Amino acid sequence: MPLTLRAATRADIPMLRLWDEQPHVIESDPNDDWDWENQIDAGLAGFTHLIAEEDGRAVGFVQLLDPHVDPTRYWGETGAGYRAIDIWIGLPADLGRGLGTRMMDQAMALCFSAPEVHTVLIDPLVSNTDAIRFYRRLGFRHVEDRTFGADRCAVHAITRQQWLQGTHP
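Residues numbered from 1 in each chain as written. Predicted model: local features only at pLDDT ≥ 70, side-chain atom pairs only at ≥ 80, totals over all residues. Heavy atoms only, no water.

1. Overview of the nonpolar core
Stated formally: Nonpolar core, defined: a set of buried Ala, Val, Leu, Ile, Met, Phe, Trp, Tyr and Cys residues in which side-chain atoms within 4.5 Å join the residues together. Burial classes follow relative accessibility: with a 1.4 Å probe on protein chains only, a residue under 20% of its type's maximum area counts as buried, one over 50% as exposed, and anything between as partly exposed. Runs of H or I in DSSP of at least four residues are treated as helices and runs of E of at least two as strands, each being numbered from the N terminus. Throughout, a residue-residue contact means that at least one pair of heavy atoms, one from each residue, lies within 4.5 Å.
Among the nonpolar cores identified, the biggest contains 28 residues, and V62, I85, M104, M108, Y135 and F140 are the most heavily contacted of them. Where this core is concerned, the elements lending two or more residues are β1 (3-7), β2 (47-54), β3 (57-65), β4 (82-89), α4 (99-112), β5 (119-122) and α5 (129-137). For this core, the element with the highest residue contribution is α4, accounting for 7 residues. Those residues within four positions of F140 in sequence are excluded, and the remaining contacts are M104, M108, V120, L121, I122, Y135, H156, A157 and I158.

Have a look at this one:
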């Protein structure tokens, strides 16, 4: 079934709130309080919010971030040429269906479509071993463990060259 990414809109906010309250989402990011109205409407520099749809049905969320221009400085001081990705599968019934891989493939292609991007970052919780295995299968490599707010995360990265040497065009 085709999977597409489209821009998130205000109309998606109730759905995003529902997804944000799902146990599997809370478990993967227990201390993150998303302020959907402001995130979607703020037009923050460097942020792109996308909804993944499978045959027109919303199934997931993707956030792309340019940490170099991010006004929140979540990633600290980075040079130019980086992107960070955050993904969720919305409902438990959609877990384990390969949606995450398909979402990441498209998100990575979007990131690397900008010629200046050389590295993509992700930051699953150190305790989220399933997510870490998932990202490593995609070619991400561990960089460091780092604390972001109250969360201990396992920062991973993949370069453009590593991504191109994988199964991606």
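Resuming the write-up.
2. Re the packing of aromatic side chains
To describe a pair of aromatic rings, you give the distance between the ring centres and the angle between the ring planes. What counts, and what does not: Stacked, edge-to-face and tilted are the three classes for Phe, Tyr and Trp ring pairs, Trp counted by its six-membered ring, which pair at centre distances within 6.5 Å; planes under 30 degrees apart are stacked, over 60 edge-to-face, the rest tilted.
According to the stated counting rule, one finds 7 aromatic pairs in the structure shown. An aromatic cluster is present here, built from Y74, W75 and F148 joined pairwise through their rings.

3. Describing the environment of C111
Among the structural elements, C111 can be located in helix α4. The class for C111 is buried, based on a relative accessible area of 3%. Residues C111 and L64 lie 47 residues apart in sequence; the distance between their C-alpha atoms is 7.7 Å. With residues near it in sequence (within four places) discarded, C111 still touches L64, R83, I85, V117 and V120.

4. Here's the deal with the sheet that holds β3
Condition: At least two DSSP bridges between two strands are needed for those strands to be called paired. Structural elements are reduced to axes, namely lines fitted to C-alpha atoms, with helices fitted over the stretch in contact, and the angle between N-to-C directions of any two is expressed from 0 to 180 degrees.
Taken together, the 7 strands give an open sheet; going across it, the order is β1-β2-β3-β4-β5-β7-β6, and neighbouring strands pair in mixed fashion. Each end of this open sheet is capped by a strand with a single partner; those strands are β1 and β6 (141-148). On average, each strand axis in the sheet is tilted by 30 degrees relative to the strand beside it, whichever way the strands run. Relative to β4, β3 runs antiparallel, the two being bridged by 6 bridges. Counterpart to V62 in the pairing with β4 is I87. Running over the sheet, helix α1 (residues 13-20) touches β2, β3 and β4 and is turned about 85 degrees from β3.

5. Let's talk about the environment of T48
Tracing the sequence through the fold places T48 in strand β2. Here T48 falls in the partly exposed class, since its relative accessible area comes to 35%. For T48, the contacting residues outside a window of four places in its chain are V62, Q63 and L64.

6. So, the pattern of salt bridges
For side chains bearing opposite charge, pairing can occur when the charged atoms are close. To keep it simple, the criterion reads: Salt bridges, as used here, are contacts in which a Lys or Arg side-chain nitrogen is within 4 Å of a carboxyl oxygen on Asp or Glu.
Going through the model one piece at a time under the given rule, you end up with 11 salt bridges. For E54, the salt bridge is made with R97, and the minimal N-O distance between the two is 2.5 Å. Here E54 is found in strand β2, whereas its partner R97 is found in the loop between β4 and α4, with 43 residues between them in sequence. What makes E54 buried here is its relative accessible area of 5%. The closest approach of N and O atoms between R83 and E116, which form a salt bridge, is 3.5 Å. Of this pair, R83 sits in strand β4 while E116 sits in the loop between α4 and β5, and the two are 33 residues apart along the sequence. Among the charged side chains, a network of salt bridges with common partners joins E54, R57, D94, R97 and R102.

7. Some thoughts on the confidence of the model for the protein chain
Definition in use: Each residue gets a pLDDT score, which is the predictor's confidence in that residue and runs from 0 to 100.
Considering every residue of the protein chain, the mean pLDDT works out to 87; 89% of them sit at 70 or more. Element-level pLDDT for the protein chain is lowest in helix α3 (residues 36-42), with a mean of 68, against a maximum mean of 96 in β5.

8. Observations concerning unusual backbone geometry
In this model, D55 sits at a positive phi of 50 degrees, which is unusual for a non-glycine residue. Counting through the fold element by element, D55 comes out in the loop between β2 and β3.

9. Remarks on α1
Quick reminder of the rule: Note: the arc covers the axis-to-C-beta directions of the helix.
Buried within α1 are the following residues: I13, L16, W19 and D20. Along the axis of α1, the buried positions cluster into a sector of 120 degrees, meaning they face one direction only.

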